[in-house]
Amino acid sequence: MTRHFSTHRIICWRLSRHCNRACPFCLSSSGPRIAHPQKNPFETASRLRELRVEKISYSGGEPFAYPLFPALVDFVRELGLLQLVTTNGDSLCGGIPEWINVFEYVKLSFYGARSTHDRLMGNGNYDQQLSLAGKLKTCHGVTVGANYMLSAESLGEIPEFLDDMVTGGFNDVMFQTYIHNRRAHVDHRFALRDTGGVIADLGRELAAHSDRLPGGMKIHDYSKRDWFIVLDESGRLMLPSSSTDDDFVMGRVTDETVLVEPGTGMPTRSALETIWRRRYETEAIVDLSQTARY
Ligand code: SF4
(Lines give C-alpha, C1' and ligand atoms only; values in the text may rest on other atoms or scores of the structure.)
Protein backbone atom coordinates (compact mmCIF):
# COMPACT_ATOMS: atom_id res chain seq x y z
CA MET A 1 0.00 0.00 0.00
CA THR A 2 1.24 3.47 -0.88
CA ARG A 3 2.54 5.52 2.03
CA HIS A 4 0.55 8.65 2.76
CA PHE A 5 3.03 11.29 3.81
CA SER A 6 0.97 14.44 4.01
CA THR A 7 -1.61 13.83 6.71
CA HIS A 8 -1.05 15.14 10.16
CA ARG A 9 -4.54 14.49 11.59
CA ILE A 10 -3.39 11.52 13.59
CA ILE A 11 -4.50 9.95 16.86
CA CYS A 12 -2.61 7.32 18.80
CA TRP A 13 -5.24 4.95 20.14
CA ARG A 14 -4.25 2.77 23.09
CA LEU A 15 -6.93 0.19 22.46
CA SER A 16 -6.38 -1.91 25.55
CA ARG A 17 -3.78 -2.20 28.28
CA HIS A 18 -3.84 -5.94 27.96
CA CYS A 19 -0.54 -7.33 26.72
CA ASN A 20 0.99 -10.79 26.58
CA ARG A 21 4.10 -9.27 28.16
CA ALA A 22 4.74 -7.35 31.36
CA CYS A 23 7.76 -5.17 30.61
CA PRO A 24 8.79 -3.15 33.67
CA PHE A 25 9.52 -0.10 31.50
CA CYS A 26 6.09 -0.11 29.82
CA LEU A 27 4.81 3.46 29.64
CA SER A 28 1.17 2.35 29.73
CA SER A 29 1.71 -0.16 32.56
CA SER A 30 0.19 -2.86 30.39
CA GLY A 31 0.25 -6.55 31.18
CA PRO A 32 -1.39 -9.96 30.92
CA ARG A 33 -3.62 -9.52 33.95
CA ILE A 34 -5.33 -6.39 32.71
CA ALA A 35 -8.76 -7.01 31.20
CA HIS A 36 -9.74 -5.60 27.84
CA PRO A 37 -12.01 -2.53 28.05
CA GLN A 38 -15.74 -3.03 27.64
CA LYS A 39 -16.10 0.18 25.64
CA ASN A 40 -17.57 -0.15 22.15
CA PRO A 41 -14.63 0.59 19.82
CA PHE A 42 -16.83 0.93 16.73
CA GLU A 43 -18.68 3.91 18.21
CA THR A 44 -15.33 5.43 19.14
CA ALA A 45 -13.99 4.93 15.62
CA SER A 46 -17.08 6.63 14.16
CA ARG A 47 -16.59 9.52 16.56
CA LEU A 48 -12.96 9.87 15.44
CA ARG A 49 -14.09 10.15 11.83
CA GLU A 50 -16.61 12.81 12.87
CA LEU A 51 -13.73 14.69 14.50
CA ARG A 52 -11.86 14.60 11.15
CA VAL A 53 -9.18 12.19 12.26
CA GLU A 54 -7.46 10.89 9.11
CA LYS A 55 -5.13 8.33 10.56
CA ILE A 56 -5.19 6.02 13.56
CA SER A 57 -1.99 4.69 15.05
CA TYR A 58 -2.92 1.71 17.23
CA SER A 59 -0.88 0.92 20.30
CA GLY A 60 -1.58 -0.65 23.64
CA GLY A 61 -0.95 -2.98 25.31
CA GLU A 62 -0.64 -5.25 22.36
CA PRO A 63 -3.20 -4.45 19.65
CA PHE A 64 -3.11 -7.93 18.12
CA ALA A 65 -4.16 -9.39 21.49
CA TYR A 66 -7.39 -7.34 21.43
CA PRO A 67 -10.20 -9.71 20.37
CA LEU A 68 -12.14 -7.06 18.42
CA PHE A 69 -9.07 -5.86 16.54
CA PRO A 70 -9.71 -7.64 13.20
CA ALA A 71 -13.33 -6.42 13.10
CA LEU A 72 -12.29 -2.91 14.17
CA VAL A 73 -9.59 -2.65 11.50
CA ASP A 74 -12.11 -3.68 8.87
CA PHE A 75 -14.66 -1.18 10.19
CA VAL A 76 -12.11 1.65 10.16
CA ARG A 77 -11.05 0.69 6.63
CA GLU A 78 -14.71 1.06 5.61
CA LEU A 79 -14.76 4.50 7.25
CA GLY A 80 -11.86 5.45 4.98
CA LEU A 81 -9.28 6.23 7.69
CA LEU A 82 -5.65 5.25 7.33
CA GLN A 83 -4.31 2.83 9.91
CA LEU A 84 -0.94 1.86 11.28
CA VAL A 85 -0.05 -0.35 14.18
CA THR A 86 2.81 -0.71 16.64
CA THR A 87 3.33 -4.25 17.89
CA ASN A 88 5.75 -6.33 19.90
CA GLY A 89 5.47 -8.87 17.06
CA ASP A 90 4.79 -11.91 19.24
CA SER A 91 1.36 -12.66 17.84
CA LEU A 92 2.46 -12.11 14.24
CA CYS A 93 5.31 -14.56 14.71
CA GLY A 94 2.67 -17.21 15.34
CA GLY A 95 0.93 -16.37 12.06
CA ILE A 96 0.38 -13.27 9.94
CA PRO A 97 -3.31 -12.59 9.15
CA GLU A 98 -4.28 -11.98 5.53
CA TRP A 99 -5.77 -8.59 6.45
CA ILE A 100 -2.38 -7.27 7.54
CA ASN A 101 -2.02 -5.36 4.29
CA VAL A 102 -4.91 -3.09 5.28
CA PHE A 103 -2.31 -1.23 7.34
CA GLU A 104 -0.45 1.56 5.73
CA TYR A 105 2.43 0.62 7.94
CA VAL A 106 3.46 -1.84 10.67
CA LYS A 107 5.94 -0.72 13.31
CA LEU A 108 7.96 -3.27 15.24
CA SER A 109 9.26 -2.31 18.67
CA PHE A 110 12.95 -2.46 19.55
CA TYR A 111 14.53 -1.60 22.90
CA GLY A 112 18.16 -1.62 21.86
CA ALA A 113 20.44 -3.47 19.49
CA ARG A 114 20.63 -7.27 19.72
CA SER A 115 22.17 -7.74 23.18
CA THR A 116 20.09 -5.16 25.07
CA HIS A 117 16.90 -5.99 23.21
CA ASP A 118 17.29 -9.72 23.87
CA ARG A 119 18.11 -9.13 27.53
CA LEU A 120 14.84 -7.21 27.90
CA MET A 121 12.60 -9.21 25.54
CA GLY A 122 14.12 -12.69 25.64
CA ASN A 123 16.93 -14.50 23.85
CA GLY A 124 16.44 -14.59 20.11
CA ASN A 125 13.66 -12.00 20.03
CA TYR A 126 15.73 -9.48 18.10
CA ASP A 127 16.36 -11.91 15.25
CA GLN A 128 12.73 -12.96 15.42
CA GLN A 129 11.72 -9.34 14.80
CA LEU A 130 14.10 -9.09 11.85
CA SER A 131 12.71 -12.30 10.40
CA LEU A 132 9.13 -11.10 10.91
CA ALA A 133 9.93 -7.83 9.12
CA GLY A 134 11.25 -9.82 6.15
CA LYS A 135 8.07 -11.93 5.96
CA LEU A 136 5.77 -8.92 6.27
CA LYS A 137 7.59 -7.20 3.48
CA THR A 138 8.23 -10.00 1.03
CA CYS A 139 5.19 -12.27 1.56
CA HIS A 140 2.56 -9.64 2.35
CA GLY A 141 3.85 -6.46 0.71
CA VAL A 142 3.62 -4.53 3.99
CA THR A 143 5.74 -1.46 4.72
CA VAL A 144 7.66 -2.14 7.94
CA GLY A 145 9.29 0.38 10.22
CA ALA A 146 10.94 0.26 13.61
CA ASN A 147 10.26 2.05 16.85
CA TYR A 148 13.46 2.29 18.85
CA MET A 149 13.26 3.19 22.53
CA LEU A 150 15.99 5.72 23.24
CA SER A 151 17.05 4.98 26.78
CA ALA A 152 20.18 5.32 28.86
CA GLU A 153 20.89 1.68 27.95
CA SER A 154 20.15 1.72 24.22
CA LEU A 155 21.71 5.04 23.26
CA GLY A 156 25.17 3.68 22.49
CA GLU A 157 23.90 0.84 20.30
CA ILE A 158 22.39 2.84 17.46
CA PRO A 159 25.09 2.25 14.79
CA GLU A 160 24.79 -1.53 15.17
CA PHE A 161 20.99 -1.27 15.14
CA LEU A 162 20.93 0.89 12.01
CA ASP A 163 23.08 -1.59 10.09
CA ASP A 164 20.53 -4.29 10.95
CA MET A 165 17.63 -2.09 9.85
CA VAL A 166 19.27 -1.44 6.47
CA THR A 167 20.09 -5.13 5.96
CA GLY A 168 16.63 -6.15 7.14
CA GLY A 169 14.86 -3.93 4.57
CA PHE A 170 13.12 -1.66 7.08
CA ASN A 171 11.48 1.42 5.61
CA ASP A 172 12.32 3.81 8.43
CA VAL A 173 13.17 4.18 12.09
CA MET A 174 11.41 6.27 14.69
CA PHE A 175 13.58 6.99 17.71
CA GLN A 176 11.32 7.57 20.70
CA THR A 177 12.72 9.16 23.81
CA TYR A 178 12.01 7.04 26.86
CA ILE A 179 8.64 7.93 28.38
CA HIS A 180 8.51 7.91 32.17
CA ASN A 181 6.06 5.39 33.57
CA ARG A 182 6.39 6.74 37.10
CA ARG A 183 7.90 3.60 38.56
CA ALA A 184 10.82 5.46 40.09
CA HIS A 185 13.39 2.65 39.98
CA VAL A 186 12.56 1.86 36.33
CA ASP A 187 12.60 5.50 35.27
CA HIS A 188 15.91 5.97 37.05
CA ARG A 189 17.43 3.15 35.02
CA PHE A 190 16.04 3.94 31.56
CA ALA A 191 15.43 7.69 31.46
CA LEU A 192 17.75 9.91 29.45
CA ARG A 193 19.61 12.40 31.59
CA ASP A 194 19.61 15.27 29.10
CA THR A 195 16.92 14.62 26.51
CA GLY A 196 17.49 17.85 24.55
CA GLY A 197 21.25 17.32 24.39
CA VAL A 198 20.86 13.67 23.40
CA ILE A 199 18.49 14.57 20.55
CA ALA A 200 20.75 17.34 19.27
CA ASP A 201 23.80 15.06 19.25
CA LEU A 202 21.86 12.20 17.71
CA GLY A 203 20.38 14.44 15.02
CA ARG A 204 23.86 15.52 13.96
CA GLU A 205 25.14 11.94 14.03
CA LEU A 206 22.22 10.49 12.09
CA ALA A 207 21.94 13.22 9.46
CA ALA A 208 24.65 11.53 7.43
CA HIS A 209 22.80 8.20 7.57
CA SER A 210 19.19 9.21 6.88
CA ASP A 211 19.29 8.21 3.21
CA ARG A 212 20.18 4.64 4.12
CA LEU A 213 16.46 3.96 4.73
CA PRO A 214 13.78 4.80 2.13
CA GLY A 215 11.47 6.46 4.68
CA GLY A 216 14.28 8.14 6.62
CA MET A 217 14.42 8.57 10.37
CA LYS A 218 12.79 10.69 13.00
CA ILE A 219 13.51 11.46 16.61
CA HIS A 220 10.53 12.19 18.83
CA ASP A 221 11.05 14.23 21.97
CA TYR A 222 8.42 13.21 24.46
CA SER A 223 9.75 15.57 27.11
CA LYS A 224 7.60 18.17 25.29
CA ARG A 225 4.03 17.22 25.87
CA ASP A 226 1.69 19.49 23.98
CA TRP A 227 1.80 17.99 20.48
CA PHE A 228 0.90 14.31 20.67
CA ILE A 229 -2.68 13.13 21.23
CA VAL A 230 -3.35 9.77 22.81
CA LEU A 231 -6.79 8.25 23.09
CA ASP A 232 -6.69 5.84 26.00
CA GLU A 233 -8.64 2.63 26.48
CA SER A 234 -11.29 4.39 28.56
CA GLY A 235 -11.99 7.06 25.93
CA ARG A 236 -9.95 9.93 27.36
CA LEU A 237 -7.97 12.25 25.08
CA MET A 238 -4.59 12.94 26.64
CA LEU A 239 -1.33 14.73 26.02
CA PRO A 240 1.19 12.36 27.59
CA SER A 241 4.07 13.62 29.61
CA SER A 242 7.59 12.33 29.40
CA SER A 243 8.57 13.81 32.70
CA THR A 244 7.43 13.13 36.19
CA ASP A 245 4.43 15.41 35.54
CA ASP A 246 1.08 13.72 35.12
CA ASP A 247 -0.33 13.26 31.63
CA PHE A 248 -2.61 16.14 30.69
CA VAL A 249 -6.22 14.98 30.27
CA MET A 250 -8.00 16.99 27.57
CA GLY A 251 -11.39 15.36 28.21
CA ARG A 252 -13.37 12.49 26.78
CA VAL A 253 -13.52 11.81 23.05
CA THR A 254 -17.33 12.03 23.25
CA ASP A 255 -17.25 15.49 24.91
CA GLU A 256 -18.38 18.50 22.91
CA THR A 257 -15.56 20.63 24.35
CA VAL A 258 -12.15 19.64 25.72
CA LEU A 259 -9.05 21.41 27.06
CA VAL A 260 -5.97 22.12 24.97
CA GLU A 261 -4.09 23.36 28.02
CA PRO A 262 -5.09 24.07 31.61
CA GLY A 263 -7.98 26.54 31.63
CA THR A 264 -8.35 26.69 27.82
CA GLY A 265 -11.30 24.76 26.48
CA MET A 266 -12.71 24.69 22.96
CA PRO A 267 -14.93 22.53 20.78
CA THR A 268 -13.34 19.10 20.45
CA ARG A 269 -12.82 19.30 16.70
CA SER A 270 -11.06 22.67 17.04
CA ALA A 271 -9.01 21.35 19.95
CA LEU A 272 -7.73 18.48 17.86
CA GLU A 273 -6.94 20.85 15.00
CA THR A 274 -4.95 22.97 17.46
CA ILE A 275 -2.86 20.03 18.61
CA TRP A 276 -2.35 18.76 15.07
CA ARG A 277 -1.12 22.19 14.04
CA ARG A 278 1.30 22.14 16.97
CA ARG A 279 2.41 18.67 15.94
CA TYR A 280 3.06 19.82 12.40
CA GLU A 281 5.11 22.74 13.62
CA THR A 282 6.72 21.30 16.71
CA GLU A 283 10.42 21.08 17.25
CA ALA A 284 9.75 17.96 19.28
CA ILE A 285 9.95 15.96 16.07
CA VAL A 286 13.37 15.96 14.44
CA ASP A 287 12.76 14.81 10.88
CA LEU A 288 15.90 13.49 9.27
CA SER A 289 14.34 12.71 5.90
CA GLN A 290 13.14 15.00 3.16
CA THR A 291 9.77 13.33 2.63
CA ALA A 292 8.48 11.56 5.74
CA ARG A 293 5.33 13.05 7.27
CA TYR A 294 3.64 10.45 9.42
S1 SF4 B 1 5.35 -5.36 24.94
FE2 SF4 B 1 5.00 -3.14 24.84
S3 SF4 B 1 2.88 -2.81 25.53
FE4 SF4 B 1 3.48 -4.90 26.16
S5 SF4 B 1 4.20 -4.65 28.28
FE6 SF4 B 1 6.00 -4.52 26.92
S7 SF4 B 1 6.27 -2.30 26.51
FE8 SF4 B 1 4.16 -2.61 27.34
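Residues numbered from 1 in each chain as written. Predicted model: local features only at pLDDT ≥ 70, side-chain atom pairs only at ≥ 80, totals over all residues.

Peer 1: If you had to explain the overall build of the protein chain to someone new, which residues and values would you point to?
Peer 2: What the protein chain contains, in helices and strands, is 9 helices and 13 strands. A globule of 294 residues ought to have a C-alpha radius of gyration of about 19 Å, and the protein chain, at 18 Å, matches this closely. Principal axes of the C-alpha set define a box for the protein chain whose edges measure 50 × 45 × 40 Å. Across the 294 residues that make up the protein chain, the buried fraction comes to 41%. Contacts spanning at least 24 positions in sequence make up 69% of the contacts within the protein chain whose residues lie at least 6 apart. (Helix = DSSP H or I, 4+ residues; strand = E, 2+ residues; numbered from the N terminus. Rg over C-alpha atoms; globule rule 2.2 N^0.38 Å. Buried ≥ 20, exposed ≤ 12 C-beta atoms within 10 Å, placed from the backbone. Contact = placed C-beta atoms within 7 Å.)

Peer 1: I'd like a rundown of the site of the ligand, residues and numbers included.
Peer 2: Neighbouring the ligand are Cys-19, Arg-21, Ala-22, Cys-23, Cys-26, Ser-30, Gly-31, Gly-60, Gly-61, Glu-62 and Asn-88. Among the residues making up the shell around the ligand, the classes are represented as 4 nonpolar, 5 polar and 2 charged. (Near = placed C-beta within 6 Å. Nonpolar A, V, L, I, M, F, W, Y, C, P; charged D, E, K, R; others polar.)

Peer 1: Give a description of helix 4 (residues 114-121) that names residues and reports values.
Peer 2: When we look at burial in helix 4, the residues that qualify are Thr-116, His-117, Leu-120 and Met-121. For helix 4, the angular spread of the buried residues around the axis is 110 degrees, confining them to a single face. Against strand 4 (105-110) and helix 5 (125-140) lie the buried residues of helix 4. (Arc of directions from axis to C-beta.)

Peer 1: Can you tell me about the pairing of strand 11 (residues 257-261), naming the residues and giving the values?
Peer 2: Bridging between strand 11 and strand 12 (residues 264-267) involves 4 bridges; their strand directions are antiparallel. Residue pairing for strand 12: Leu-259 is matched across the bridge by Gly-265. In this antiparallel pair of consecutive strands, strand 11 and strand 12, the connection spans 2 residues, and Gly-263 shows a positive phi of 85 degrees. (Pairing = 2+ DSSP bridges.)

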